[in-house]
Amino acid sequence: KAGVTQTPRYLIKTRGQQVTLSCSPISGHRSVSWYQQTPGQGLQFLFEYFSETQRNKGNFPGRFSGRQFSNSRSEMNVSTLELGDSALYLCASSIGQGVNEQFFGPGTRLTVL
Amino acid sequence: KQEVTQIPAALSVPEGENLVLNCSFTDSAIYNLQWFRQDPGKGLTSLLLIQSSQREQTSGRLNASLDKSSGRSTLYIAASQPGDSATYLCAVEGQGGSEKLVFGKGTKLTVNP
């Protein structure tokens with residue numbers, strides 16, 4: 001069974017640009033969650049999508065948005081990039097109901113210059 | 001708001017030693033607690049998930065316990081090996097609040113040959 005895949009693996013952008021990251025969950029999983037990982041703040045929850053609907057949202061500004069498609073693939077978008085957005089962005093998939101073991105992808109390393 | 005703390009932040013042990021990693025959380029209203037390992041620059045690998053009704057889970061040389069009432073979990077690693085060197089993270093899925101998983105900052109483990 002294929003794991004969670006994320007594309008691209010690495011991105012370099014400049015301040016003010018926008019970026020779109022993609023996540024394909026494990027087959028059969030309907031929930032996708034996104035996390036930001038930085039050395040200072042650790043892992044912080046961004047949002048969760050289940051069956052194309054945002055089910056939970058963390059404490060991030062509106063520049064961070066996401067969506068989920070009918071095949072459960074998810075994208076997250078960051079507009080007007082800031083230097084502080086440089087981080088490892090991880091997505092996790094789970095069945096979405098019952099015992100919700102989370103399975104993480106390899107992450108996208110975003111560098112904002 | 002749920003807070004998760006992991007002690008110690010770093011641990012260095014000789015190969016073959018048994019060791020315990022600690023995790024504490026402030027709000028006992030959780031669905032489950034999950035332990036992960038993370039290798040440098042990589043995503044998270046799920047190690048063990050303990051449901052709120054369970055006391056412990058075992059997988060190979062790993063044993064995780066949960067005391068929900070006191071807000072504590074431990075990860076026991078038997079007969080440590082250099083390949084166990086990684087950062088170990090615990091995360092709780094809460095029954096309230098908007099965050100999917102709340103993570104500790106991790107314990108960086110180094111097992112010396």
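All values reported here derive from a predicted model rather than from experimental measurement.

### Focus on the environment of F69 of chain A
Residue and element names in this part refer to chain A.
Here is step 1: Among the structural elements, F69 can be located in the loop between β7 (64-68) and β8 (74-78).
Here is step 2: Residues F69 and T53 lie 16 residues apart in sequence; the distance between their C-alpha atoms is 9.3 Å.
Here is step 3: Setting aside residues up to four positions removed in sequence, F69 forms contacts with E52 and E75.

### A short note on the side chain of T108 of chain A
Residues and elements named next belong to chain A.
Here is step 1: Structurally, T108 can be placed in strand β11 (residues 108-112).
Here is step 2: Engagement of the side chain of T108 in a polar contact is seen with the backbone oxygen of P8, the distance being 2.5 Å.
Here is step 3: Excluding anything up to four places from it in sequence, T108 contacts Q6, T7, P8, R9, L11, L21, A87, L88 and Y89.

### With respect to the interface of chain A and chain B
Here is step 1: Facing the 22 residues of chain A at the interface are 20 residues of chain B.
Here is step 2: Of the roughly 1600 Å² buried between chain A and chain B, counting both surfaces, carbon and sulfur atoms make up 54%.
Here is step 3: Looking at the side of chain A facing chain B, the largest losses of area belong to L43, Q102 and F104 of chain A, adding up to 28% of the total buried there.
Here is step 4: Applying the counting rule to chain A against chain B returns 1 salt bridge.

Calculation criteria
- Residues numbered from 1 in each chain as written.
- Chains lettered and ligands numbered in written order.
- Predicted model: local features only at pLDDT ≥ 70, side-chain atom pairs only at ≥ 80, totals over all residues.
- Heavy atoms only, no water.
- Helix = DSSP H or I, 4+ residues; strand = E, 2+ residues; numbered from the N terminus.
- Contact = heavy atoms within 4.5 Å.
- Polar contact = N/O pair within 3.5 Å; in protein donor to acceptor, adjacent residues only side chain to side chain.
- Buried area = accessible area lost by both parts, 1.4 Å probe.
- Salt bridge = Lys/Arg side-chain N within 4 Å of Asp/Glu carboxyl O.

By themselves, these observations are geometric and do not establish any function.
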